[in-house]
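The chain contents come next:
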Amino acid sequence: MSLDYVKFSSGFEKFMPKEYRDMVEHGPFGKKISVSQMGSFKEVLEEHPMCAGCAMTLFIRLAMIAFPNPEDTITVGTAGCGRLAISQAAIPFVYGNYGDQNGVASGLSRGLRLRFGDKPKDVVVMAGDGGTADIGFQQVLHSWFRKERFTTIMLDNEVYGNTGGQESGMTNRGAVLKMAPLGKKFEKMDMVQMAKVAGCAYVATVVPNNPRRVESVIKKAVLIAREVGSTYIQAYTSCNIEYAIPTDKVMEDAKNVENDRYAFSEYISDEAKQYLTERYGYKEFLQKPAAPAAAIPNKA
Amino acid sequence: MYLVADIDVEICAAKSCKLCTQYCPEANTIQYSDELGKDKGFKYGSAYVAVDRCKGCAQCVWVCDNMAKNHAIKMIMIDQLPKAALTDNITYGEKSTTAVLVSPVVG
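Quick caveat: nothing in here was measured; it's all calculated off a predicted structure. (Residues numbered from 1 in each chain as written. Chains lettered and ligands numbered in written order. Predicted model: local features only at pLDDT ≥ 70, side-chain atom pairs only at ≥ 80, totals over all residues. Heavy atoms only, no water.)

Undergrad: How should I be thinking about the packing of aromatic side chains in this particular structure?
TA: Aromatic ring pairs are defined here through the distance separating the ring centres and the angle between the ring planes. Under the definition given, this model contains seven aromatic pairs over all chains. Summarising the aromatic geometry, the rings of Y275 of chain A and Y280 of chain A are spaced 5.7 Å apart at their centres and angled 75 degrees between planes, so their arrangement reads as edge-to-face. The exposure class assigned to Y275 of chain A is buried, which follows from its relative accessible area of 10%. Classification of Y280 of chain A by relative accessible area gives partly exposed; the value is 28%. Cation over ring: R213 of chain A sits above F264 of chain A, and NZ or CZ is 4.2 Å from the ring centre. Its end group placed over the ring of Y32 of chain B, K18 of chain B keeps NZ or CZ at 4.3 Å from the ring centre. (Phe/Tyr/Trp six-rings, centres within 6.5 Å; stacked < 30°, edge-to-face > 60°. Buried < 20%, exposed > 50% of the residue type's maximum accessible area, 1.4 Å probe, protein only. Lys NZ or Arg CZ within 6 Å of the ring centre and 35° of its normal.)

Undergrad: What is the right way to read the interface of chain B and chain A from this model?
TA: When the parts of a complex come together, some accessible area is lost, and that lost area is often taken as the interface size. With 29 residues of chain B at the contact, the number on the chain A side is 35 residues. Here chain B packs against chain A, burying approximately 2,600 Å² in sum over the two surfaces, 49% of which is carbon and sulfur. In this assembly, chain B and chain A are joined by one salt bridge. Across the pair E46 of chain A and R53 of chain B runs a salt bridge, and its minimum N-O distance is 2.8 Å. Where chain B packs against chain A, one counts 19 residue pairs in polar contact (both at pLDDT 80 or more). Elements represented by at least two residues in the side of chain B that touches chain A include exactly α2 (19-23), β2 (30-33), α4 (59-67) and β5 (90-92) of chain B. A per-class count over the side of chain B that touches chain A returns 13 nonpolar, nine polar and seven charged. (Contact = heavy atoms within 4.5 Å. Buried area = accessible area lost by both parts, 1.4 Å probe. Salt bridge = Lys/Arg side-chain N within 4 Å of Asp/Glu carboxyl O. Polar contact = N/O pair within 3.5 Å; in protein donor to acceptor, adjacent residues only side chain to side chain. Helix = DSSP H or I, 4+ residues; strand = E, 2+ residues; numbered from the N terminus. Nonpolar A, V, L, I, M, F, W, Y, C, P; charged D, E, K, R; others polar.)

Undergrad: Please clarify how the pattern of salt bridges should be interpreted in this entry.
TA: Where charged atoms of side chains with opposite charge meet at close range, the side chains can pair. Residue and element names in this part refer to chain A. Applying the stated criterion to the full structure yields 22 salt bridges over all chains. Between D156 and K188 there is a salt bridge, with its nearest N and O atoms 2.7 Å apart. Placement of the pair is D156 in strand β4 (residues 151-156) and K188 in the loop between β4 and α7 (191-197), with a sequence separation of 32 residues. Overall, K188 belongs to the partly exposed group, its relative accessible area being 22%. Between K220 and E266 there is a salt bridge, with the nearest N and O atoms lying 2.8 Å from each other. Here the residue K220 occupies a position in helix α8 (residues 211-227), and E266 occupies one in strand β7 (residues 265-268), the gap between them amounting to 46 residues. Judged by its relative accessible area of 3%, K220 is buried.

Undergrad: Looking at this model, I keep getting lost on the environment of D79 of chain B. Mind explaining?
TA: Of note, D79 of chain B is situated in the loop between β4 (73-77) and β5. For D79 of chain B, a relative accessible area of 38% translates into the label partly exposed.

Undergrad: Where do I start with the side chain of T237 of chain A in this structure?
TA: Checked against the element boundaries, T237 of chain A lands in the loop between β6 (231-236) and α9 (250-260). Discounting residues that sit within four places of it in the chain, T237 of chain A has contacts with A55, M56, F59, L155, D156 and N157 of chain A.

Undergrad: Quick question: what am I supposed to make of the pairing of β2 of chain B here?
TA: Along any regular strand, the residues point their side chains to alternate faces of the sheet. Residue and element names in this part refer to chain B. The two faces of β2 match: I30 and Y32 on one face and Q31 and S33 on the other face are all buried. As judged from the four bridges shared by β2 and strand β3 (residues 46-49), these two strands associate in the antiparallel manner. Looking at the pairing, I30 lines up with V49 of β3. (Pairing = 2+ DSSP bridges.)

Undergrad: Mind showing me how you'd approach the packing of helix α2 (residues 55-66) of chain A against α8 of chain A here?
TA: Residues and elements named next belong to chain A. It is at 9 Å that the axes of α2 and α8 come closest, and there the two elements cross at 55 degrees. By the angle between their directions, the pair α2 and α8 is classed as oblique. Our pair here, α2 against α8, has a crossing hand that is right-handed. Counted together, F59, L62, A63, I65 and A66 of α2 and P211, V214, E215, I218 and K219 of α8 form the full contact between these two elements. Residues that form the contact of α2 with α8 fall into these classes: eight nonpolar, no polar and two charged. (Axes fitted to C-alpha atoms, helices over the stretch in contact; angles between N-to-C directions. Parallel < 35°, antiparallel > 145°, perpendicular 65-115°, else oblique. Left-handed = near helix turned anticlockwise from the far one by under 90°.)

Undergrad: Honestly, the pairing of strand β3 (residues 122-128) of chain A in this entry has me stumped. Any pointers?
TA: All names here are of chain A. The buried fraction of β3 amounts to seven of the seven residues, a majority that puts the element mostly inside the structure. Along β3, one buried face is formed by D122, V124, M126 and G128 and the opposite face, lined by V123, V125 and A127, is buried too. Alignment of strand β1 (residues 73-77) against β3, held across four bridges, turns out to be parallel. The residue bridging V76 from the neighbouring strand is V125, located in β3. Bridge count between β3 and β4: five bridges; the pairing is parallel. Bridging from a neighbouring strand, M126 pairs with I153 of β4.

Shape descriptors only; they carry no functional weight alone.
Rendered as structure tokens:
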């Protein structure tokens, strides 16, 4: 939980594997990095067992690059595909029992504030649509109503991909899946609206076919969660196995879904706008100067 | 044998858009090297694939063909690649990486 843990124990450097040495010497810790530098530095995410071409993996990869201070971040997850990659990173990962990830993150976030005071320690929950909107729904909503200061990211693949293709609350109405052969009979849950009602300071929907946008959204959400309140990001991360999307068409699908029903949206409270502007120098929320009045011709 | 992505350095170094490095779902698999392009007289560097990490999804091929419109990436059987980058032979620098290309198939 600080730059002190991202270094070699004395005398052990030569025994460490190459990946570990690269991480210490060329990782993102203590530096400012962005997606434009990808491929030139050692990333915190390592090799993992997720499927080839998985859009969720791409989103997790981008999210880990976007964390403002990876050395001061803890991720919390739960059962589901995502944890297979999230746990394979040089960032401490807490595995909550199914559905209690937001409860665990609440305690963790409060504990870190007691222990470290003003020094920012970021807690980021990354869980699937089942973990967030179905099984963890109660704890997710309560953490938002309590305005717990951490970020919740839903990796929305619209299915229980890890257990064979059952419908989730986030599956679209009518979707036929391997374990939902009659098609889903109910509408997709509107978690974005619920997050706003519950008082989240920042709510965004995003699709991973725009890496810079993903980076910007994650940075804002994590920074706002440091002081203002709960933040929520809902990311469309298709399951190419359960929805039978050819791996080389995953980004085409993401683009189509973005145009169809997952358009980028961003809600940010006035308090959060002010915080980002004053504390971190964001300029996009500054009041634009009024257009100059039409010139009045001088009287002769 | 299985397919891995292979990047044509001459096409890539002429454009150097780096899009594939941002869209690969695997970390540190499509890497970027200044030297690969500059050694061949190009102004920019080129992307290359650490084939031991490539899972063969071909997302980079779609991105290169349809978003960048460079058509620089092809899927190739790994034993058809005479030389390729492997994670063990990649060295990180300040703003770029360097890779020693070797035969990816041992034995």
